[in-house]
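# Per-entry structural report
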Amino acid sequence: LVTHSVMNGPFYVLMPYVRLSYDTTYQLLDPKEGFKITLGNFYYQNLVKAKSYFSNSIKGSFYTSFFKNNLTLATQCYIGSFFNAGLSDIPVPLRFFGGTDEYLRGYRYYTVSPLYDGKPTGGRSVLFSNLELRFTIKNPFCMVLFYDSGFVSKSALFWDKSPYYQSTGFGFRYYSFVGPLRI
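Okay, so let's go over this structure. Since the model is a prediction, treat every value here as computed from it, not as a measurement.

### Observations concerning the overall build of the protein chain
The number of helices and strands found in the protein chain is zero helices and 13 strands. Helices and strands appear in the protein chain in the N-to-C order β-β-β-β-β-β-β-β-β-β-β-β-β. Dimensions of the protein chain, computed from the C-alpha atoms along their principal axes, are close to 55 × 35 × 30 Å. The proportion of buried residues among the 183 residues of the protein chain is 41%. Taking as baseline every contact in the protein chain between residues at least 6 positions apart, the subset at least 24 positions apart corresponds to 56%. For the protein chain, the computed accessible surface area is about 10,700 Å², with 64% contributed by carbon and sulfur atoms. Averaging the positions of the 18 positive and the 10 negative side-chain charges in the protein chain gives two centres separated by 2 Å.

### Looking at the pattern of salt bridges
Overall, the coordinates contain seven salt bridges when judged by the stated rule. For Asp-30, the salt bridge is made with Arg-134, and the minimal N-O distance between the two is 3.0 Å. With Asp-30 in the loop between β4 (17–23) and β5 (34–46) and Arg-134 in strand β10 (residues 125–138), this residue pair connects regions lying 104 residues apart in the sequence. When its relative accessible area of 8% is taken as the criterion, Arg-134 is described as buried. A salt bridge links Arg-105 to Glu-132; the nearest nitrogen and oxygen atoms lie 2.7 Å apart. With Arg-105 in the loop between β7 (71–83) and β8 (115–116) and Glu-132 in strand β10, the pair connects residues that are 27 residues apart, well separated along the chain. Glu-132 matches Arg-105 in its accessibility class, with the two residues each being buried. Through salt bridges with shared partners, a single network forms among Asp-30, Lys-32, Arg-105, Glu-132, Arg-134, Asp-148 and Arg-173.

### A word on the nonpolar core
Within the largest apolar cluster, 17 residues are counted, with the highest numbers of intra-cluster contacts made by Tyr-44, Tyr-53, Phe-82 and Phe-128. If you list the elements that add at least two residues to this core, you get β5, β7 and β10. Among all residues touching Phe-82, those that are not within four sequence positions of it are Tyr-44, Tyr-53, Phe-54, Ser-55, Ile-90, Leu-94, Arg-95, Phe-96, Gly-123, Arg-124 and Ala-156.

### Things to note about the environment of Asn-139
Its place among the elements puts Asn-139 in the loop between β10 and β11 (141–153). The exposure class of Asn-139 is exposed, given its relative accessible area of 63%. In sequence terms Asn-139 and Lys-59 are 80 residues apart; their C-alpha atoms lie 29 Å from each other.

### Thoughts on unusual backbone geometry
Cis rather than trans, the peptide bond between Asn-139 and Pro-140 has omega equal to 20 degrees. At Leu-104, a position not held by glycine, the phi torsion is positive, near 55 degrees. Following the sequence through the fold, Leu-104 ends up in the loop between β7 and β8.

### Re the side chain of Thr-25
With respect to the helices and strands, Thr-25 occurs in the loop between β4 and β5. According to the relative accessible area criterion, Thr-25 is buried, its value standing at 13%. Reaching out from Thr-25, the side chain makes a polar contact with the side chain of Asp-23 at a distance of 2.5 Å. Those residues in contact with Thr-25 that lie beyond four places of it in its chain are Pro-31, Glu-33, Gly-34, Phe-35, Lys-36 and Tyr-63.

Rules used throughout
- Residues numbered from 1 in each chain as written.
- Predicted model: local features only at pLDDT ≥ 70, side-chain atom pairs only at ≥ 80, totals over all residues.
- Heavy atoms only, no water.
- Helix = DSSP H or I, 4+ residues; strand = E, 2+ residues; numbered from the N terminus.
- Buried < 20%, exposed > 50% of the residue type's maximum accessible area, 1.4 Å probe, protein only.
- Contact = heavy atoms within 4.5 Å.
- Areas by Shrake-Rupley, 256 points an atom, 1.4 Å probe, with all protein chains shown as cover.
- Lys, Arg positive; Asp, Glu negative; His and termini not counted.
- Charge placed at Lys NZ, Arg CZ, Asp CG, Glu CD.
- Salt bridge = Lys/Arg side-chain N within 4 Å of Asp/Glu carboxyl O.
- Core = buried A, V, L, I, M, F, W, Y, C linked by side-chain atoms within 4.5 Å.
- Polar contact = N/O pair within 3.5 Å; in protein donor to acceptor, adjacent residues only side chain to side chain.

Here it is, written out as C-alpha cells:
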C-alpha cells in the first residue's frame, strides 16, 4: 500500500498481482547454469481517485559456466510497461528507474529516467539488458565485469525518443554464509 508520493500527492493503492516463473538454475543466490523466466502482471487500484491501471513485465536470465565453474557468463533482459495510466497517475515509488544495483549500475542511483526540471521522475516503460562475467579469484572471492544497457521511457510503448544508456564496470563479490555480498 503506497500512501504518499513526492511529486503527485497522497495515494492509497491496492496492488494485487500474478507472477509466473520457470527456473532451471540450481542455486538461488549465485546461479551458474540454467535459465529463469518470470512474467509479472500487476493490477493497481487507486482508492482515492477511483482510477485503475495495469503493468506487465517479463524478465529472462541465462547462465552458463566454464572452467569447472570458475568463469560464469550471465545475461539478463527486463521489459516492463504501465498501461492505461498517465505518468501522474502512477506513484513515484512504483515507476521504472535505472541506475540501481541491478540495472545500469554505472549511473548514480535512480538517475536513469525521464527528467522534469532536471530531476528524475521515473517512467512508464523500461527495457534493460545486462551481460556479466564472473571470475572466481579464490574461493570465497569473485571479480565481476559487466556491461549494462537500456532506457526508461515516459511512453507506455517505448515509442518516444528516450536516451539509450550504456555502462561498463567491475566489482567484487564475497561469498558469505548468507549469500554473495557485492563490493
